[in-house]
Amino acid sequence: MPVFRRSASGPFAAVVVAATALAAGSLTAPAHAASGTAAPPRRAASHSALSQSTVRPTCAVNDTDGCLNNTATSTFTTTTSPADADGSGDSFNAADLTGTAGWRSGGTVTVDGATITLPHFGTGTYDNMLASGQTLTLPGGSVADTGDAVVFLAFATGDAVTGATGTITYAGNNCLNPDGDPADQDYRLDTVPDWLSGPPAAASITLAHENHGNNTQTSPSSGPKVYAVSVPLACPGSVVSSISLPLLGDGVQAGRPALHILGLGIRPTTLTGSGPTARHWVGTWAAVPDTGRVQSSDDSTATVDDQTLRVPAHVSIGTDSGNGVRVHLSNATGATPVTFDAASIARQDTATGGATAAAAPTPLTFGGSPSVTIPAGADTVSDPVALTVRQQATVLVSMRVHGSVSAMPGHSVARAPVWVSDPADRTGDTAAAHYTQTTYTGLPYLSGIDVTTSTTQPTGSLVLYGDQSVNGDTASEDGRHHLSDAITDALVDDPHGNASVAYGVLNAGTGTDLLPQITDGTVPTNALNPEDRDVLAQGNVRTVLVSLGADDLLNCAGNADTCATEVERGLASLDTRLSSYYTDDSQIYVDQQPVTRSSGITVHLATIPPFTAAHPGTATQEAAREQVNNYLLDDYPGRLVDLAAAVSTDGTATSPTVKAADLSDGDPSDAYYADLAGRYVDDVDSGTLIYPPD
């Protein structure tokens, strides 16, 4: 749990806030009050030795010039501009960032929902902050200063940086400890990966080139990377006045770990507006970005050229009386920027189906503009629009892609159709005459849809985070038979329910390994991607069902005990990471005073179903699966869903085979996913799960 410290105005004391104290509303949050501190002039002096007594610079989070103290990007020419990210004269190639990736020098980029101001790249001057205790203020009104998490754009050189700590300071009386005193929040960056050797799957952006001080350039197989690292705010919705960076060092030395920060921002909560205009948003549909190249059925890379894509989304929960809808688009796994000239959303015609809309599509805007450009590694959310959407309806999101795109990032195994138009803006078309169904096996760009929920009793979302069982790799290809769809069906058909979907059900399934790397922290309290992007950035997540480990076991070549132990440690680490974050519905009012009620995200884990013909395992891998399941059954009572028992031949977690009724040609069928969903809903109804989703 986070550690709170009394502010400088009172006596210093450490207070550990327990989950029960947080849930009980013992942290209070009054009205908005924050001010920024002007950044000092840019420094030109050489790095100095780090000293506890040195005065650390202070600057605004959207103008960090005065806090920059290292040059990590260079312009590659016959005389490369001076830069030294790692103490050996190596650096990023500025053109890869500003040109290829589209990260505008001195501009902003939105990563994992947080908008971050970037430094100027390739100018030969300082362009990043070596973490040396700098303080970044958040000027109220010009940047987001309330939210649920701080997102750092960072990388390490000389090896990964572990256990770096800093402080989050809330504005006066915005976050109080159980004694009623103003409190600061200590945070810890469990691991910031090395820019070259760190895990590619966790990177926000990977560049092609590395520049060297001897005027040469190479293209390492695992190119230089920048990571997004999030830290949960223990008082979500309260005003943050400043964030201090870890106190590590303001110089680089070859072979010595150094922490570089390009910038940081706060990810907003899903509450927008205030008073009578307040809106509470919840995710109703999701697809995780997990590939840089959506494929066609013939294994070729799907392309588009000035055409309009029309993508269906089978939602879970419907809109409330406010009828608000907004759309998330992602270029998180892309290598180049993408521009959409126009976009729209519409309900699918229930009689005709396909690409036919029930009525004229509603245009979408982004910051008031009909067009939007998303840099590589970034994401965006549309402005809200009014559209009535019923539970379990299918909506059509249309995007006119600007120019020729040779590779479209998105979700790789969609089991859903996609339509494409002739080279024109067809986002406003109701009829499907100008659309043709593609042979895409994935969904490009569309990553989420939010709807408004009750202001007085806001609804949260259940995120299904897993591999093939969640994704529905072998389900029907109509976009309506993923595990998320099966759970919404089970909720509607539940004899103990009222035929409604009471919360958003979001599919964060993928065919790639998702278990985090084990770091030095036994209790990690922050997150990297993909879990930050795929789970924690979703619309008002309250509950997460983790159904992982199958792919990791199938990719493990060790003995059964080694493979099982790796998965067990990964699941435990992921559980701790996700449990360290808080729900967005934190701000309530008592006697007209805003009170921060911090409720932790609930994490449920699932046993691993038997392997099938689609994903066959060896005898050793099967033994490891059974060992992992026994570990889960023993260690997670009240939080475990026995999905393996739901589909196995003898109804136990250790049965090595799937029952024939759940297979089609040896692969999981729609009935398989329906049985998984039925087990989850039954466990909620029976009280097997102590903390059910809501």
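Above this note sits the structure.
What counts, and where the lines are drawn
- Residues numbered from 1 in each chain as written.
- Predicted model: local features only at pLDDT ≥ 70, side-chain atom pairs only at ≥ 80, totals over all residues.
- Heavy atoms only, no water.
- Helix = DSSP H or I, 4+ residues; strand = E, 2+ residues; numbered from the N terminus.
- Buried < 20%, exposed > 50% of the residue type's maximum accessible area, 1.4 Å probe, protein only.
- Expected span 1.5 Å × (residues − 1).
- Polar contact = N/O pair within 3.5 Å; in protein donor to acceptor, adjacent residues only side chain to side chain.
- Disulfide = S-S within 2.5 Å.
- Core = buried A, V, L, I, M, F, W, Y, C linked by side-chain atoms within 4.5 Å.
- Salt bridge = Lys/Arg side-chain N within 4 Å of Asp/Glu carboxyl O.
- Pairing = 2+ DSSP bridges.
- Contact = heavy atoms within 4.5 Å.
- Axes fitted to C-alpha atoms, helices over the stretch in contact; angles between N-to-C directions.
- Parallel < 35°, antiparallel > 145°, perpendicular 65-115°, else oblique.
- Left-handed = near helix turned anticlockwise from the far one by under 90°.
- Nonpolar A, V, L, I, M, F, W, Y, C, P; charged D, E, K, R; others polar.
- Lys, Arg positive; Asp, Glu negative; His and termini not counted.

**A word on the overall build of the chain**
Right, on to step 1. A count of helical and extended segments in the chain gives 10 helices and 45 strands.
Right, on to step 2. The 694 residues of the chain split such that 57% are buried.

**Topic: helix α7 (residues 560-579)**
Right, on to step 1. In this model α7 runs 28 Å from its N-terminal to its C-terminal C-alpha over 20 residues, within 8% of the 28 Å that 1.5 Å per residue would give.
Right, on to step 2. Among the residues making up α7, those that are buried are A560, C563, A564, V567, E568, G570, L571, S573, L574, D575, R577 and L578.
Right, on to step 3. Where α7 begins, the side chain of N559 points an oxygen toward the backbone nitrogen of D561, at a separation of 3.2 Å.

**Looking at the state of the cysteines**
Right, on to step 1. The final tally for this structure, using the stated rule, is three disulfides.
Right, on to step 2. A sulfur-sulfur separation of 2.1 Å characterises the disulfide bridge that pairs C59 with C67. In this structure the cystine formed by C59 and C67 twists about its S-S bond by roughly -130°; its chirality is therefore left-handed. As far as burial versus exposure is concerned, C59 and C67 are alike and both buried.
Right, on to step 3. Each sulfur in the disulfide pair C175 and C235 lies 2.0 Å from the other. Classification of the bridge connecting C175 and C235 rests on its S-S torsion, roughly 50°, and on that basis the disulfide is right-handed. Of the two residues, C175 sits in the loop between β12 (161-170) and β13 (183-192) while C235 sits in the loop between β17 (225-232) and β18 (240-244), which places them 60 residues apart along the sequence. Neither C175 nor C235 differs from the other in exposure class; each is buried.
Right, on to step 4. Of note for the chain: the bonded cysteines, numbered N- to C-terminal, pair according to 1-2, 3-4, 5-6.

**Quick look at helix α10 (residues 670-686)**
Right, on to step 1. With 17 residues, α10 extends 24 Å between its outermost C-alpha atoms, agreeing within 8% with the 24 Å of an ideal straight helix rising 1.5 Å per residue.
Right, on to step 2. By the burial criterion, the buried members of α10 are Y672, Y673, L676, A677, Y680, V681 and D683.
Right, on to step 3. Backbone geometry just downstream of α10 places G687 in the positive-phi region, at approximately 85°.

**Some points on the nonpolar core**
In globular proteins that are soluble, nonpolar side chains generally tend to be buried together.
Right, on to step 1. If you look at the biggest cluster of nonpolar residues, it comprises 66 residues, and the most contacted ones within it are W103, L153, L309, F340, I345 and Y445.
Right, on to step 2. Residues V546, C556, L571 and L632 belong to the second largest nonpolar core, which totals 39 residues.

**Quick look at the pattern of salt bridges**
Right, on to step 1. With the rule as written, the count across this model stands at 16 salt bridges.
Right, on to step 2. Close ionic contact of R679 with D683 constitutes a salt bridge, the shortest N to O distance being 3.3 Å. Of this pair, R679 and D683 both sit in helix α10, separated by four residues, roughly a single helical turn.
Right, on to step 3. Beyond isolated ion pairs, a larger network of salt bridges with shared partners links D148, R267 and D532.

**Points about the sheet that holds strand β37 (residues 461-466)**
Right, on to step 1. Read across the open sheet, the five strands follow the order β38-β37-β39-β42-β43; overall the sheet is parallel. Here the strands that pair on one side only, and so sit at the sheet edges, are β38 (504-509) and β43 (640-641).
Right, on to step 2. Both β37 and strand β39 (residues 541-547) contribute to a ladder of six bridges, which runs parallel. Bridging from a neighbouring strand, G466 pairs with S547 of β39.
Right, on to step 3. Lying on the sheet, α7 is in contact with β37, β39 and β42 (602-606); it crosses β42 at an angle near 160°.

**Observations regarding the pairing of β37**
Right, on to step 1. Of all six residues in β37, six are buried; the element is thus mostly enclosed.
Right, on to step 2. Residue alternation in β37 divides its side chains into two sets, S461, V463 and Y465 and L462, L464 and G466, and both sets are buried.
Right, on to step 3. Where β37 and β38 come together, six bridges link them in parallel fashion. Across the sheet, the residue bridging to Y465 is A508, located in β38.

**Some remarks on the packing of α7 against helix α8 (residues 619-635)**
Right, on to step 1. Orientation of α7 relative to α8, taken along the N-to-C sense of each, is 40°, at an axis distance of 8 Å. With respect to α8, the element α7 is oriented oblique. In terms of crossing hand, the pair formed by α7 and α8 is right-handed. Between α7 and α8, the residues in contact are A560, D561, C563, A564, T565, V567, E568, L571 and A572 and T620, A623, A624, Q627, V628, Y631 and L632, respectively.
Right, on to step 2. Looking at the contact of α7 with α8, its residues break down into 11 nonpolar, three polar and two charged.

**Brief notes about the side chain of D379**
Right, on to step 1. One can find D379 in strand β28 (residues 379-381).
Right, on to step 2. Although D379 is buried, it forms no salt bridge, and the closest oppositely charged side chain is R533 at an N-O distance of 7.1 Å.
Right, on to step 3. Within polar-contact distance, the side chain of D379 engages the backbone nitrogen of G113 at 3.3 Å.
Right, on to step 4. Leaving out residues up to four positions away in the same chain, D379 has contacts with T110, V111, D112, G113, L329, S330 and I374.

**Some points on the sheet that holds strand β11 (residues 149-157)**
Right, on to step 1. Ordered in space as β9-β19-β11-β17-β14, the five strands form an open sheet in which the pairing is antiparallel. Only two strands of the sheet have a single partner each, and these edge strands are β9 (129-130) and β14 (203-206).
Right, on to step 2. Where β11 and strand β19 (residues 258-267) come together, nine bridges link them in antiparallel fashion. Each bridged residue has a counterpart across the sheet, and for V150 the counterpart in β19 is I266.

Scope: geometric values only; no functional claims are made or implied.
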